[in-house]
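Coordinate inspection notes
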Amino acid sequence: MSAARDRYLAVDGGGSGCRMAIWTGTQRVEVSAGPANVTTDLQAALANIRCGLKALGEQAGVEGIDDVPGYLGLAGVTGPEIAKAVAEGLPLKKVRVEEDRPAAVEGALDGRDGWVVSVGTGSFVACRRAGQMTSIGGWGAELGDEASGAWLGRRALALALHTWDGLVPETAWLGALLDRLNGPEGIVALARDAAPQDLAALAPVVLEAAEQRAPLACALLDEGGAYLLRCLRVLGWSGDDPVCVAGGLGPVYADKIPDIPWTQPLGTPLDGALRLAREFAP
């Protein structure tokens, strides 16, 4: 096989940023770029990916990176139409575009069968049996991604408004959030324009309040944990099988559900995307 045919690249794109890697035939080179949720903002995602591809080619010393086969696992790819729009918006001549769950599961399980709970800016729960993946969630911050950073941020904003309306008791952390965002007007303005990463940036407020045993913050984490456990059971989890916990917020929920035999990811979503790219390359 020629050196050119030994090369392939991969992109793991999410609401808070994307990472990409190329295998040059002799080494793996990685770069990072801006957010790449193609439902939230398709044009911004494409611009960030194009910028990252340029940087990747320069750093790897690869001329003609557009000729390198690529696999893209991106948040917000909800069907073939948007996948086609992404492929047509990039300079890559041979590219496969999918949503981000397959690469995350591939990386976390290192190609094996098993269970994955992934919670970061977004969230999903997946099972892989006989090489076939089934999953729940990952539908985005507007309608889903329960337990995720974006979900926690959105729920915190709603609770702050409930505090203003007198529907829930005043608490220090929600009062501080109201002050920080200049009251209800600021909260509504933020919610109207917020991307998933903007909402997820508020998740530490909830986590810090939960550490201080604030009841409403603890209740949010309990609700998120119950949702993840329900997803596992709907997918057929036996209660004994190990479950890989992934994503920046995954360990938070692992602590909330200690009876599950949790395991650590064997690799990253980018590892999984690069493996899928290798399978996709001619």
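Read on for a plain summary of the structure. The structure presented is a predicted model; accordingly, all values stated were derived computationally and were not measured.

Focus on the environment of Ala-75
With respect to the secondary-structure elements, Ala-75 resides in the loop between strand E4 (70–74) and helix H2 (80–88). Spatially, the C-alpha atoms of Ala-75 and Thr-39 are 7.6 Å apart, while their sequence positions differ by 36 residues. Sequence-distant contacts of Ala-75, defined by excluding residues within four places in its chain, comprise Gly-13, Gly-14, Gly-15, Ala-36, Asn-37, Val-38, Thr-39 and Asp-100.

What about the sheet that holds strand E2 (residues 17–23)?
With mixed pairing, 5 strands are arranged side by side in an open sheet as E3-E2-E1-E4-E5. The sheet is open, and its two edges are formed by strand E3 (28–33) and strand E5 (95–99), each paired on a single side. For this sheet the average axis-to-axis angle between neighbouring strands, irrespective of direction, equals 15°. For strand E1 (residues 8–14) and E4, the ladder comprises 5 bridges, and the chain directions are parallel.

Here we look at the pattern of salt bridges
A complete count under the given rule lists 15 salt bridges for this structure. For Lys-84, the salt bridge is made with Glu-88, and the minimal N-O distance between the two is 4.0 Å. Of this pair, Lys-84 and Glu-88 are both found in helix H2, 4 residues apart, which corresponds to roughly one turn of the helix. For the pair Lys-84 and Glu-88, a shared accessibility class is recorded, and that class is exposed. Within this structure, Glu-106, Asp-110, Arg-112, Arg-128 and Arg-275 form a network of salt bridges that share partners.

Here's the deal with the environment of Asp-241
Summarising the element assignment, Asp-241 is placed in the loop between helix H9 (215–234) and strand E9 (243–246). When its relative accessible area of 29% is taken as the criterion, Asp-241 is described as partly exposed. For Asp-241 and Trp-115, which are 126 residues apart along the polypeptide, the C-alpha to C-alpha distance reads 7.8 Å. Setting aside its immediate chain neighbours within four residues, Asp-241 contacts Trp-115 and Pro-261. Reaching out from Asp-241, the side chain makes a polar contact with the side chain of Trp-115 at a distance of 3.4 Å.

Structural notes on the sheet that holds strand E7 (residues 123–129)
Taken in spatial order, the 5 strands make up an open sheet running E8-E7-E6-E9-E10, and their pairing is mixed. Strands with a single pairing partner mark the edges of an open sheet, and in this sheet they are strand E8 (132–137) and strand E10 (262–263). As paired elements, E7 and E8 share 6 bridges and run antiparallel to each other. When the sheet's bridge partners are listed, Ala-126 is paired in E8 with Ser-135. Packing of helix H3 (residues 101–109) onto the sheet brings it into contact with strand E6 (114–119), E7, E8 and E9, and relative to E7 it is tilted by some 60°.

Quick word on the nonpolar core
The biggest cluster of nonpolar side chains holds 45 residues, and the ones touching the most others in it are Leu-152, Trp-173, Leu-228, Leu-232 and Tyr-253. The set of elements that each furnish at least two residues to this core consists of E6, E7, helix H4 (149–165), helix H5 (172–180), helix H8 (203–211) and H9. Considering every element that reaches this core, the biggest residue donor is H9, with 9 residues. Excluding residues that lie within four positions of it along the chain, Leu-152 makes contacts with Ala-147, Ala-203, Val-206, Leu-207, Leu-220, Leu-221, Leu-249 and Tyr-253. In this structure, Val-31, Leu-72, Leu-74 and Ile-82 belong to the second largest nonpolar core, which totals 29 residues.

Overview of the environment of Pro-169
Structurally, Pro-169 can be placed in the loop between H4 and H5. The class of Pro-169 is exposed, set by a relative accessible area of 61%. When the C-alpha atoms of Pro-169 and Ile-136 are compared, they prove to be 34 Å apart, with 33 residues separating the residues in sequence.

Let's talk about the packing of H8 against H9
It is at 7 Å that the axes of H8 and H9 come closest, and there the two elements cross at 110°. Taken together, H8 and H9 sit at an angle that is classed as roughly perpendicular. For the crossing formed where H8 meets H9, the hand is left-handed. Residues Val-206, Leu-207, Ala-209 and Ala-210 of H8 touch H9, and the partners they reach there are Ala-217, Cys-218, Leu-220 and Leu-221.

Thresholds applied
- The numbering scheme is per chain: residues are counted from 1 as the chain's sequence reads.
- Per-residue local features of the predicted model are confined to residues with pLDDT of at least 70, and side-chain atom pairs are confined, for both listing and counting, to 80 or more; whole-chain, interface and lining totals are unaffected and use all residues.
- Excluding hydrogens and water, the side-chain figures rest on all heavy atoms present in the structure.
- Where helices and strands are cited, they refer to DSSP runs of H or I of at least four residues and of E of at least two residues respectively, numbered from the N terminus.
- We call two residues contacting when some pair of their heavy atoms lies within 4.5 Å.
- Only strands joined by at least two bridges in the DSSP assignment are considered to pair.
- Axes, fitted as lines to C-alpha atoms, cover a helix only where it is in contact. Angles between the N-to-C directions of the axes lie from 0 to 180 degrees.
- For this analysis, a salt bridge means a side-chain nitrogen from Lys or Arg found within 4 Å of a carboxyl oxygen belonging to Asp or Glu.
- Partly exposed describes any residue whose relative accessible area lies between the buried limit of under 20% and the exposed limit of over 50%, with all areas from a 1.4 Å probe on protein chains only and scaled to the type maximum.
- Polar contact is defined as a pair of N or O atoms within 3.5 Å, subject to the rule that within protein one atom must be able to donate a hydrogen and the other to accept it, and that residues adjacent in sequence are counted only when both atoms are side-chain atoms.
- By nonpolar core is meant a set of buried Ala, Val, Leu, Ile, Met, Phe, Trp, Tyr and Cys residues that side-chain atoms within 4.5 Å join together.
- When an angle is under 35 degrees it counts as roughly parallel; over 145 it counts as roughly antiparallel; between 65 and 115 it counts as roughly perpendicular; any other value is oblique.
- Crossing handedness is read from the near helix: turned anticlockwise from the far helix by less than a right angle, it gives a left-handed crossing, and turned clockwise, a right-handed one.

Everything listed is a geometric property; what it means functionally is a separate question.
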